[in-house]
Amino acid sequence: MEIENTESEETSETGQLEDAKKKPEVIYVSSFPPHLQRLLQMLFWRRPAFSKADDLFCTNFIDAAIPHIVIEEGAKGCRWVRKSDDPILWLAHTDTAHNQEGRQGYLLTQDKSRALAGCTESALGGDDTAGVWLLLELIKAGVGGTFGFMRGEERGGIGSKAMVDCMSKDWFKRFVMAISLDRRGTGSIITRQMGQETCSSEFAEDLARVLDIGMKPDPTGSFTDSYNFRGLIPECTNLSVGFAGEHTQHESLDLVHLTRLRKRLIKRWRDIARIKARRTPTIEREWGFGNIWRFGSGSVGGEKDRLLELVTQWPHRATILLRRQGIGADNFWDLPTRVHTTKKDKK
Ligand SMILES: [Zn+2]
């Protein structure tokens, strides 16, 4: 009581004034164009791979929207639907990088151009809610090809690996291209993943020309589901869908880019389906915890190289682990990378 009646009253008054100034205007989902409302509803769900929320999300948003969706036995709950014989396999993943499942709030900028993580200490989940939404929009608009809703991508592409195992080689033969809609930023058409070419630059350049929204071939891809099809499908790429800072509480989603990409894919998909493949499906190396493979300048990969690959694939997780060990941006260069041990230490 005493505290309330003294100096703190002034500060709380100032505080209230500040709060009033800062109070955000409420933006209702219903004030968005109808096609974006579904996306905004989907972003309320945090969906760690194979969680109950991930399952419910699949039932409520995917199965309910698409009649005749197929769930193959052994495909870890991945869904696919064949809309036409066109040689495109469109891909997105249903899981998000959240640790905890359930509903969440998030923020929208006043100009309605971006969604931002904000109300919780976790990511927005634009990765890969944006991709799933795009697949649904393309299906609704009558775009052709086969659509794959993958599970467990965030845990190393569990679903797409299972698809490779449970589908016949013939099933994959009809595809010239696997297009994942799961890349950060607004400008990338990914040509390499995990250090391997998965899509030819010629194909990526043709795709860039057809899309004509400033997207360009980009060799800096890490990993997404289309990587797992690189030995079966000639051109395996990943397109920027507008999220940034994914897997962190700073994640945002560029709704302007996503809307523009949706429009272009719907308008030009027939021209995309006609782009010629130049790459031969190959697996340069198999990656996995127990595998030996070559990385960079030809050294035989051991535990150190596998760790480097994991850090490249999961930079945000690596950052969290480093910070937990007390290594941050301020002391990143301070600690020696070589540790000199004396004979005494070795004993
Ligand atoms: Zn993703």
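Because the structure is predicted, anything quoted here is derived from the model rather than measured. (Residues numbered from 1 in each chain as written. Predicted model: local features only at pLDDT ≥ 70, side-chain atom pairs only at ≥ 80, totals over all residues.)

Caption draft 1: Fine view of the overall build of the chain. When helices and strands are counted, the chain shows 12 helices and 17 strands. The buried share of the chain, reckoned over its 347 residues, is 38%. By sequence separation, contacts in the chain at least 24 residues apart represent 76% of the contacts at least 6 residues apart. (Helix = DSSP H or I, 4+ residues; strand = E, 2+ residues; numbered from the N terminus. Buried ≥ 20, exposed ≤ 12 C-beta atoms within 10 Å, placed from the backbone. Contact = placed C-beta atoms within 7 Å.)

Caption draft 2: Quick look at unusual backbone geometry. Here Asp127 and Asp128 are connected by a cis peptide whose omega angle stands at 5°. Along the chain, Asp128 falls in helix α5 (residues 126-140). Unlike most non-glycine residues, Asp212 shows phi in positive territory, near 55°. One can find Asp212 in the loop between α8 (201-211) and β12 (216-218). With 10 C-beta atoms counted inside 10 Å, the residue Asp212 sits in the exposed group.

Caption draft 3: Layout of the sheet that holds strand β14 (residues 243-244). Spatial ordering of the open sheet is given by β5-β6-β15-β14, a layout of 4 strands whose pairing is antiparallel. If you trace the sheet from one side to the other, it starts and ends with β5 (107-108) and β14, each paired once. As paired elements, β5 and strand β6 (residues 114-116) share 2 bridges and run antiparallel to each other. Pairing of Leu107 across the sheet is with Leu116, part of β6. The strands that helix α9 (residues 255-273) touches are β6 and β15 (252-254); relative to β15, the one it contacts most, it runs at about 45°. (Pairing = 2+ DSSP bridges. Axes fitted to C-alpha atoms, helices over the stretch in contact; angles between N-to-C directions.)

Caption draft 4: Layout of the environment of Glu284. Relative to the elements of secondary structure, Glu284 occurs in the loop between α9 and β16 (294-295). C-alpha separation for the pair Glu284 and Thr198, spaced 86 residues apart in sequence, amounts to 9.7 Å.

Caption draft 5: Expanded view of the confidence of the model for the chain. With 83% of its residues at a pLDDT of 70 or more, the chain shows a mean pLDDT of 86. Low pLDDT, under 50, characterises residues 1-17; the stretch is placed with 2 contacts to residues that sit more than four places away or in other chains. In this model, residues 288-300 is a region of pLDDT below 50 whose contacts with residues beyond four sequence positions or in other chains number 17 contacts. (pLDDT = per-residue confidence, 0-100.)

Caption draft 6: Looking closely at helix α4 (residues 52-63). Among the residues of α4, Asp54, Phe57, Cys58 and Phe61 are the ones counted as buried. Along the axis of α4, the buried residues cluster in a sector spanning 110°; they form a single face. Set apart from the buried face of α4 by more than 90 degrees, the exposed residues are Lys52 and Thr59. Packing partners of the buried residues in α4 comprise α3 (34-42), β1 (45-46) and β2 (79-82). (Arc of directions from axis to C-beta.)

Caption draft 7: Structural view of the pairing of strand β7 (residues 146-150). Across the 5 residues of β7, 5 count as buried, placing the element largely inside the fold. As paired strands, strand β3 (residues 88-93) and β7 are joined by 5 bridges and run parallel to one another. Looking across to β7, one finds that Leu89 is bridged to Thr146.

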